[in-house]
Amino acid sequence: MEAAFTLNQIEHRLSADFCLTVQRLELQQGKIHLLTGANGAGKSTLLKILACLIQPQQGSMVFFDQPVSAFRSEQQLLRRQITLVEQAPYLFSGTVFSNLAYGLKIRGIKCSAQHRRIATVLEQVGLPSFSDRQVTELSGGEVQRVALARALVLNPVVLLLDEPTANIDHASLPEFEQLLQQLVAGGTTVVMSTHDPAQAERVAGNFISLENGVVGG
Amino acid sequence: MLAAVKLIFSCNGDVLITVWTSLYTAAIAIILAALFGIPAGLWLGINRFRGRRILITLLNTLMALPTVVVGLLLFGLLSRQGPLGHWGLLFTPVAMIIGQMVLATPIVANYVHAAVVGADDRIVPTLRTLGASSMQAAWQLLREVRFGVMAAVIAGFGRVIAEVGVAMMLGGNIRNSTRTMTTAIALETSKGEFAFGLALGLILMAVALLVNLGLNFLQQR
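Residues numbered from 1 in each chain as written. Chains lettered and ligands numbered in written order. Predicted model: local features only at pLDDT ≥ 70, side-chain atom pairs only at ≥ 80, totals over all residues. Heavy atoms only, no water.

K.L.:
I tried to follow the overall build of chain B on my own but got confused; where do I start?
P.N.:
For chain B, the helix and strand inventory stands at 11 helices and 0 strands. Starting at the N terminus, the α and β elements of chain B follow one another as α-α-α-α-α-α-α-α-α-α-α. With the C-alpha coordinates aligned to their principal axes, the bounding extent of chain B is approximately 65 × 45 × 25 Å. Classification of the 221 residues of chain B by burial places 44% in the buried group. The long-range share in chain B, meaning contacts at least 24 apart out of those at least 6 apart in sequence, stands at 74%. With an accessible surface of roughly 11400 Å², chain B has 70% of that area assigned to carbon and sulfur atoms. Of the charged side chains in chain B, 15 are positive and 7 negative; the average position of the first set lies 7 Å away from that of the second. (Helix = DSSP H or I, 4+ residues; strand = E, 2+ residues; numbered from the N terminus. Buried < 20%, exposed > 50% of the residue type's maximum accessible area, 1.4 Å probe, protein only. Contact = heavy atoms within 4.5 Å. Areas by Shrake-Rupley, 256 points an atom, 1.4 Å probe, with all protein chains shown as cover. Lys, Arg positive; Asp, Glu negative; His and termini not counted. Charge placed at Lys NZ, Arg CZ, Asp CG, Glu CD.)

See the structure below:
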């Protein structure tokens, strides 16, 4: 199976005593990859590097056989295939619909198609009637679901999730994990950070552990 | 006071044309200042580069620029002997608009810069991860800080509608042409026409009140 990402000799120093180091890491396409490690181990930094939000100070990254260039315009094209949902996501002011429509609008998707896709995705994340809700009225868990929906509506090739279940109640976990399985079955590569070791077993994911910024494999 | 109120409601031609001159010159000046100031403030707020601090300090200094100094510098440029004297702009509404634009641009840029710097840190990374280009991200960022941008424009408008120095030096206070509310107040009061000056002063305050009410209305939506 083809590798979605191949990271080689990556080094990125954030402070005097923290440096993210990845000797070699291959993330296979169409699988769930779980990043685990203590707080401050470098999970979020690694996800930001994969999302092309951070340019690593050293090393190289390959995305589906294409080296990731440092050029802004090329990285922007890559970011149209890779979407990151952050741990504490930011929702733009306005309605749930306007948040979900943003990425579609900038991709030139027609209005009727936007409505169809948004309705489907809101159903998938368990918020079918939330389209017209103002984001200021949402709870923490709902914000996280809307952010997930905003990423899913773009049909990303790679979905990066930074502790996506942090604000989701335990009762909704099986539903969320089933959604991940559906995505993977459809060919999406999922890379997510988690503090829940049991989750790795439940979603049959590939385990990647980080310790003090060093990827253990 | 009663005479001033009567003058306002009598639709006096001099009052009307003076108010109109003030409003349209200030409106055009603030539109031009917004065209330059908003992108400048946004650029300064987003980018990190060497010399940025100096630019911010310069912008802060320009905010406090005395109106007579701007008037004086532009008078030098636009007067007959000046480098731009052949344009024949001195003592015209265009000269006043240029001067007021120079006054308002640093204010707009500074307020927008402050709004962008104070915006949520997650906005730009979120926009980038959704695939936005630099221009698309900048536009959405402005939408997110729109109240700060509106405050910038209102503050700039407040500065230009209330200033005397530029209007007096570059406009020349010519009746039915470049006489604004502020220059008319100064002139009429010196002539002893207190009621006329007071009438214009009341209108000026009403304009300020309306603009602020408009801002409050927009913020509540």
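What follows picks up the thread again.
K.L.:
I'm lost on the overall build of chain A in this one. Help?
P.N.:
Looking only at helices and strands, chain A features 7 helices and 10 strands. For 217 residues, the compact-globule estimate of 2.2 N^0.38 gives 17 Å, and chain A sits close to it at 17 Å. In terms of its C-alpha atoms, chain A occupies a principal-axis envelope of roughly 45 × 40 × 35 Å. Looking at the 217 residues of chain A, the share that counts as buried comes to 53%. Sequence separation of at least 24 residues holds for 69% of the intrachain contacts in chain A that already meet a minimum separation of 6. When the accessible area of chain A is evaluated, it comes to approximately 9900 Å², of which 50% is carbon and sulfur surface. (Rg over C-alpha atoms; globule rule 2.2 N^0.38 Å.)

K.L.:
Help me out: how do you make sense of the pattern of salt bridges in this one?
P.N.:
Residues and elements named next belong to chain A. Scanning the entire structure with this criterion turns up 7 salt bridges over all chains. Here arginine 202 ties to glutamate 177 by a salt bridge, and the two come within 2.7 Å at their closest N and O atoms. You can see arginine 202 sitting in helix α7 (residues 197-202) and its partner glutamate 177 sitting in helix α6 (residues 173-185), a full 25 residues away along the chain. Put simply, Glu177, Asp196 and Arg202 are held in one network by salt bridges that share partners. (Salt bridge = Lys/Arg side-chain N within 4 Å of Asp/Glu carboxyl O.)

K.L.:
What am I meant to see in the packing of aromatic side chains here?
P.N.:
The description of two aromatic rings rests on the distance between their centres and on the angle between their planes. All names here are of chain A. Counting across every chain of the model gives 7 aromatic pairs over all chains. For the pair phenylalanine 63 and phenylalanine 64, a centre-to-centre distance of 4.9 Å together with 85° between the ring planes defines the contact as edge-to-face. Across this residue pair, the class does not change: phenylalanine 63 and phenylalanine 64 are buried. Taken together, Phe5, Phe63 and Phe64 form an aromatic cluster joined through their ring pairs. Above the face of the phenylalanine 130 ring, arginine 133 is positioned so that its terminal group lies 4.1 Å from the ring centre. A cation over a ring is seen here: arginine 150 above phenylalanine 92, with NZ or CZ 5.1 Å from the ring centre. (Phe/Tyr/Trp six-rings, centres within 6.5 Å; stacked < 30°, edge-to-face > 60°. Lys NZ or Arg CZ within 6 Å of the ring centre and 35° of its normal.)

K.L.:
Would you mind going over the nonpolar core with me for this structure?
P.N.:
A general trend in soluble globular proteins is that nonpolar side chains are found buried together. Formed by 81 residues in total, the largest nonpolar core has its most connected members in A:Leu159 and A:Leu161. If one sorts the elements of this core by residue count, helix α2 (residues 13-46) of chain B sits on top with 8 residues. The contact partners of A:Leu159, leaving out residues within four places of it in the chain, are A:Thr83, A:Val85, A:Leu148, A:Ala151, A:Leu152, A:Leu183, A:Thr188, A:Thr189, A:Val190 and A:Val191. (Core = buried A, V, L, I, M, F, W, Y, C linked by side-chain atoms within 4.5 Å.)

K.L.:
In this structure, what is going on with the packing of helix α4 (residues 67-78) of chain B against helix α5 (residues 93-117) of chain B? I would like to understand it.
P.N.:
Each pair of packed helices can be described by the angle between their axes along with the distance between the axes. Residues and elements named next belong to chain B. Contact geometry for α4 and α5: axes closest at 10 Å, N-to-C directions at 135°. Compared by their axis directions, α4 and α5 come out oblique. The interaxial crossing formed by α4 with α5 has right-handed handedness. Mapping the contact onto sequence places Thr67, Val70, Leu74 and Leu78 in α4 and Ala95, Ile98, Gly99, Val102 and Leu103 in α5. Split by residue class, the contact of α4 with α5 holds 7 nonpolar, 2 polar and no charged. (Axes fitted to C-alpha atoms, helices over the stretch in contact; angles between N-to-C directions. Parallel < 35°, antiparallel > 145°, perpendicular 65-115°, else oblique. Left-handed = near helix turned anticlockwise from the far one by under 90°. Nonpolar A, V, L, I, M, F, W, Y, C, P; charged D, E, K, R; others polar.)

K.L.:
Help me understand the environment of A:Ser44, please; the structure alone is not making it clear to me.
P.N.:
Checked against the element boundaries, A:Ser44 lands in helix α1 (residues 43-50). Separated by 43 residues in the primary sequence, A:Ser44 and A:Gln87 have C-alpha atoms spaced 8.6 Å apart.

None of the figures reported here should be taken as evidence of function without further support.
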